[in-house]
Amino acid sequence: VADLTTDLDPGLPLIYCVAGEFNQVMLNLIVNAGHAISDVFKGSGRKGAIRVSTRRQEECVEIRVSDTGAGIPEAIQSKVFDPFFTTKPVGKGTGQGLAIAHTVIVKKHRGTIRFETTAGVGTTFIVQLPLAGEVEAA
Ligand SMILES: Nc1ncnc2c1ncn2[C@@H]1O[C@H](COP(=O)(O)OP(=O)(O)OP(=O)(O)O)[C@@H](O)[C@H]1O
Ligand SMILES: [Mg+2]
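All of these numbers come straight from a predicted model, not from anything done at the bench. Going along each chain's sequence as written, the residues are numbered from 1 onward. Chains carry letters and ligands carry numbers; both start at the beginning, A for chains and 1 for ligands, and go up in the order they are written. Note on the predicted model: pLDDT of at least 70 is required for a residue's local features to be given, and 80 or more for side-chain atom pairs to be given and counted; whole-chain, interface and lining totals, by contrast, use all residues. Computation of side-chain values covers all heavy atoms of the structure but excludes hydrogens and water.

A. Broad picture of the pattern of salt bridges. Put simply, a salt bridge is a Lys or Arg side-chain nitrogen that is within 4 Å of an Asp or Glu carboxyl oxygen. Using the criterion set out here, one finds five salt bridges in the structure. The shortest N-O distance in the salt bridge between Arg 55 and Asp 7 comes to 2.8 Å. Residue Arg 55 is located in strand β2 (residues 48-56), and its partner Asp 7 is located in strand β1 (residues 2-7); the two are separated by 48 residues in the primary sequence. Accessibility expressed as a relative area gives 35% for Arg 55, which makes it partly exposed. By sharing partners, the salt bridges in this structure join Asp 7, Arg 51 and Arg 55 into a single network. Segments assigned H or I by DSSP are reported as helices when at least four residues long, segments assigned E as strands when at least two residues long, and all are numbered from the N terminus. Only protein chains enter the area calculation, which uses a 1.4 Å probe; residues under 20% of their type maximum are buried, those over 50% are exposed, and those in between are partly exposed.

Written as structure tokens, this is what we have:
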């Protein structure tokens, strides 16, 4: 139910990153985007959009994953990174995806992860990884 497009900065510097764990974070964010879109668009005959973009910033590389889902309701915005917090039915979600993403990005890579969301418009998760940050050995 969604098209995925990418907008990747060709001039990104190399950064330290535990590739397998970073890829898991990206997958978690993209699966969440797909679920959010499917909740809105399923059966509508229309497609939502997932967009993955990268940009070099002053002190970091920024990765954004955007979706055109329903947005994250205000009441749960402070909980989405909590371990085992989920609004999905048993079998679809365990509430681990964003908790893992937070651990991998913040604790292991000294980066940041946050989101911007607008009800009825969609959500963008923004990951920043430091350019020259110290990386804890995995
Ligand atoms: N892109 C999004 N749009 C709307 N809500 C979201 C989005 N991403 C996460 N959420 C909300 O945050 C909750 C927690 O997300 P998280 O990825 O941690 O767990 P999950 O997707 O429910 O389960 P799991 O990732 O373990 O399969 C989701 O259940 C959902 O309510
Ligand atoms: Mg998830």
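B. Inspection of helix α1 (residues 19-41) at higher detail. By this rule, a helix spans an expected 1.5 Å times one less than how many residues it contains. Here α1 contains 23 residues, and its C-alpha end-to-end distance of 32 Å stays within 8% of the 33 Å for a straight helix at 1.5 Å per residue. Turning to α1, its buried residues are Phe 22, Val 25, Met 26, Asn 28, Leu 29, Ala 33, His 35, Ile 37, Ser 38 and Phe 41. Positive phi appears at Gly 43, one or two residues downstream of α1, with a value of about 80°.

C. The arrangement of the packing of aromatic side chains in detail. Working definition: a ring pair exists when centres of Phe, Tyr or Trp rings (six-membered ring for Trp) sit within 6.5 Å. Plane angles under 30 degrees give stacked, over 60 give edge-to-face, the rest tilted. Tallied over the full model, the rule gives three aromatic pairs. Aromatic side chains Phe 81 and Phe 115 sit 6.1 Å apart centroid to centroid with 35° between the ring planes, which places their arrangement in the tilted category. Of this pair, Phe 81 sits in the loop between β3 (60-67) and α2 (97-108) while Phe 115 sits in strand β4 (residues 112-118), and the two are 34 residues apart along the sequence. A ring pair is formed by Phe 115 and Phe 125, whose centres lie 5.4 Å apart and whose planes are at 50°; its orientation type is tilted. In this pair, Phe 115 is assigned in strand β4 and Phe 125 in strand β5 (residues 122-130), connecting sequence segments ten residues apart.

D. Spotlight on the site of ligand 1. In this text, near means that some heavy atom of the residue lies within 4 Å of the molecule or strand in question. Inspection of the region around ligand 1 gives 20 residues, with Asn 32, Thr 86, Thr 87, Lys 88 and Thr 94 positioned closest. In the analysis that follows, any N or O atom pair within 3.5 Å is treated as a polar contact, provided that within protein one partner can donate a hydrogen and the other can accept it, and provided that, for residues neighboring in sequence, both atoms belong to side chains. The separation between a nitrogen atom of ligand 1 and a polar side-chain atom of Asp 67 is 2.8 Å. The contact in question runs from an oxygen atom of ligand 1 to an N or O atom on the side chain of Lys 88, over 2.7 Å. Of the residues assigned to the shell around ligand 1, the class counts are seven nonpolar, ten polar and three charged. For this scheme, ten residues count as nonpolar: Ala, Val, Leu, Ile, Met, Phe, Trp, Tyr, Cys and Pro. Four count as charged, namely Asp, Glu, Lys and Arg, and the remainder, Gly too, count as polar.

E. Representation of the confidence of the model for the chain in the model. Residue-level pLDDT values for the chain average 94, and 96% of them are 70 or greater. The pLDDT score gives, residue by residue, the confidence of the prediction method on a 0 to 100 scale. Contacts between residues were defined by any pair of non-hydrogen atoms, one from each residue, lying within 4.5 Å. Overall, residues 134-138 carries pLDDT values under 50, and its contacts beyond four positions in sequence, including any with other chains, amount to nine contacts.

F. Here's a closer look at the nonpolar core. Ranked by size, the top nonpolar core spans 25 residues in total, and within it Met 26, Leu 29, Ile 63, Ile 105 and Val 127 carry the most contacts. Listed by contribution, the elements that provide at least two residues to this core are α1, β2, β3, α2, β4 and β5. At seven residues, the largest contribution of residues to this core is made by α1. Beyond its immediate chain neighbours, meaning those up to four positions away, Leu 29 contacts Val 65, Leu 98, Ile 113, Phe 125 and Val 127. For the purposes of this section, nonpolar cores are sets of buried Ala, Val, Leu, Ile, Met, Phe, Trp, Tyr and Cys residues that join through side-chain atoms within 4.5 Å.

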